[in-house]
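As a plain string of letters, each chain reads:
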Amino acid sequence: MALFKQSVDSRPPREGDWHLPGRVSYGLGWVREGAYELFAEAVGLFPPLLPVSSEQPPLERHQQGTLPSLDELRLHQGTVWRWNRPVYDPKNGGHLRIEFRSLPSGPTPLDMVANTAFLVGMVEGLSSQMEELLPSFPFEYAHHNFYRGAQFGLDAVLLWPSIQYPSPREVPVCDLALDLLPVAERGLAQLGVEAGEISRMSEVIRTRIERRCTGARWQRRMLDHLEQQSSRRQAVVALLDRYLEKSAQGRPVGEWMV
């Protein structure tokens, strides 16, 4: 992300005693009311890069009972990169979605579904406590956690808020994830997910944590193992072959053995 932030930074070197935030960032603050805040922030802070205007009058379309395309806004949102990005799309009746760019990919579809279930379940499960938790958890702490998690993985120590003093506290990420599993399960149940699916997704996350095995860790361990038997070049080729083989089998990465 650091390289991407530098490569698309369009800000002048100096802005006096202050500077605009970059177009690429984790985010600038908690959303309090809704996605409109994020659209308004992007329009208010960043000048358009491409001066393209649509001939479609959005207010007239709205008054006619049809959805406006908002071409200018959609184009502009494509030039502002947030890790949680709001997207408006007028197609097929229209919808508003949030792109969770911080979700890890792979190494199997089951792992990705479990990651999504864990995240969505936690969001729902924690939603009723937000007003109590946020006063002791400034947005910069979420920014801190994101980078610590990316840098240290399962060895990360994160800040986490609590209703009880002291808050926040430093917690090893594996302990935190296990503590939050019941919260995610409760949230998924509130959303109507079947109990069997909840149990299956939770088990994928729990096994990964207990065995301390993510896709990245498995690759590092397997590469070390293979380099004891062959050259680095041969080991890298063999690693890719084994990764593709295990990924095609569909078993979650927590069950992969070296």
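See the structure printed just above.
Per-chain numbering applies: the sequence of each chain, read as written, is numbered from 1 onward. Local features in this predicted model are restricted to residues of pLDDT 70 or higher, and side-chain atom pairs are both shown and tallied only at a pLDDT of 80 or more, whereas totals for entire chains, interfaces and linings draw on every residue. Where side-chain values are given, they derive from all heavy atoms of the structure, hydrogens and water being excluded.

Details of a nonpolar patch on the surface
Each patch is assembled from residues with relative accessible area greater than 30% and no salt bridge, linking like charges that lie within 9 Å and nonpolar side chains (Val, Leu, Ile, Met, Phe, Trp, Tyr) that lie within 5 Å. Accessible surface is estimated by sampling points in the Shrake-Rupley manner with a 1.4 Å probe; for residues, cover comes only from the protein chains shown. Think of a salt bridge as a Lys or Arg side-chain nitrogen and an Asp or Glu carboxyl oxygen that are within 4 Å of each other. On the surface, a nonpolar cluster with roughly 340 Å² of combined accessible area is contributed by Leu49, Leu50, Val52 and Leu75. Secondary structure is summarised from DSSP: a helix means a run of H or I of at least four residues, a strand means a run of E of at least two, and numbering begins at the N terminus for each. Summarising the element assignment, Leu75 is placed in helix H4 (residues 71-77).

Some details on the layout of surface pockets
Of the pockets and cavities examined, the second largest pocket occupies roughly 220 Å³. Listed by contribution, the elements that provide at least two residues to the lining of the second largest pocket are strand S6 (169-172) and helix H8 (173-190). In terms of residues, the lining of the second largest pocket owes the most to one element, H8, which gives four residues. For each structure, a 1 Å grid was placed over the protein atoms alone; sets of points admitting a 1.4 Å probe that cannot get out are labelled cavities, open sets with protein on both sides within 12 Å along at least five of seven lines are labelled pockets, and lining residues have an atom within 4 Å of a point. Grid points are joined across faces, edges and corners, and a volume is the space filled by probe spheres set on the points.

Details of the pattern of salt bridges
Within the structure shown, the criterion is met by 10 salt bridges. The partner of Asp111 in a salt bridge is Arg208, with the nearest N and O atoms 3.0 Å apart. Of this pair, Asp111 sits in helix H5 (residues 109-126) while Arg208 is found in helix H9 (residues 195-210), placing the two residues 97 residues apart along the sequence. Residue burial is assigned from relative accessible area. The probe radius is 1.4 Å, only protein chains are included, and a residue is buried under 20% of its type maximum, exposed over 50%, and partly exposed in between. Given a relative accessible area of 0%, Asp111 falls into the buried group. Accessibility expressed as a relative area gives 14% for Arg208, which makes it buried. Here Arg251 ties to Glu255 by a salt bridge, and the two come within 3.3 Å at their closest N and O atoms. Residue classification places Arg251 among the partly exposed residues on the basis of a relative accessible area of 42%. One continuous salt-bridge network, built from bridges that share partners, spans Arg85, Arg97 and Glu99.

Details of empty space enclosed by the protein
Scanning the model with the defined rule gives two cavities of 30 Å³ or more in all. For the largest cavity, the full set of lining residues is Leu38, Glu41, Ala42, Gln77, Val80, Arg82, Arg85 and Pro86. Among the elements of the structure, helix H2 (36-45) and strand S3 (84-89) are those that each provide at least two residues to the lining of the largest cavity. The element contributing the most residues to the lining of the largest cavity is H2, with three residues. Any residue outside Ala, Val, Leu, Ile, Met, Phe, Trp, Tyr, Cys, Pro, Asp, Glu, Lys and Arg is labelled polar, Gly included; the first ten of those are nonpolar and the last four are charged. Classifying every residue of the lining of the largest cavity by side-chain character gives four nonpolar, one polar and three charged. Roughly 40 Å³ of internal volume is contained in the second largest cavity. Ala114, Ala117, Phe118, Leu181, Ala184, Leu188, Met201, Ser202 and Ile205 together form the lining of the second largest cavity. For the lining of the second largest cavity, the secondary structure elements donating two or more residues are H5, H8 and H9. Its residues placed into classes, the lining of the second largest cavity shows eight nonpolar, one polar and no charged.

A few points about the packing of aromatic side chains
Only Phe, Tyr and Trp rings take part, Trp by its six-membered ring, and two of them pair if their centres are within 6.5 Å. Stacked means planes under 30 degrees apart, edge-to-face means over 60, and tilted covers everything else. For the structure shown, the criterion picks out 11 aromatic pairs. Where Tyr26 meets Phe139, the ring centres are 5.7 Å apart and the plane angle is 35°; that geometry is what we call tilted. With Tyr26 in the loop between strand S1 (24-25) and H2 and Phe139 in helix H7 (residues 139-152), this pair connects stretches of sequence that are 113 residues apart. Here Tyr26 matches Phe139 in class, with each residue buried. Relative to Phe146, the ring of Tyr26 lies with its centre 4.8 Å away and its plane at 35°, an arrangement referred to as tilted. With Tyr26 in the loop between S1 and H2 and Phe146 in helix H7, the pair connects residues that are 120 residues apart, well separated along the chain. Site record: aromatic cluster; members linked through ring pairs are Tyr26, Trp30, Trp83, Phe137, Phe139, Tyr141, Phe146, Tyr147 and Trp160.

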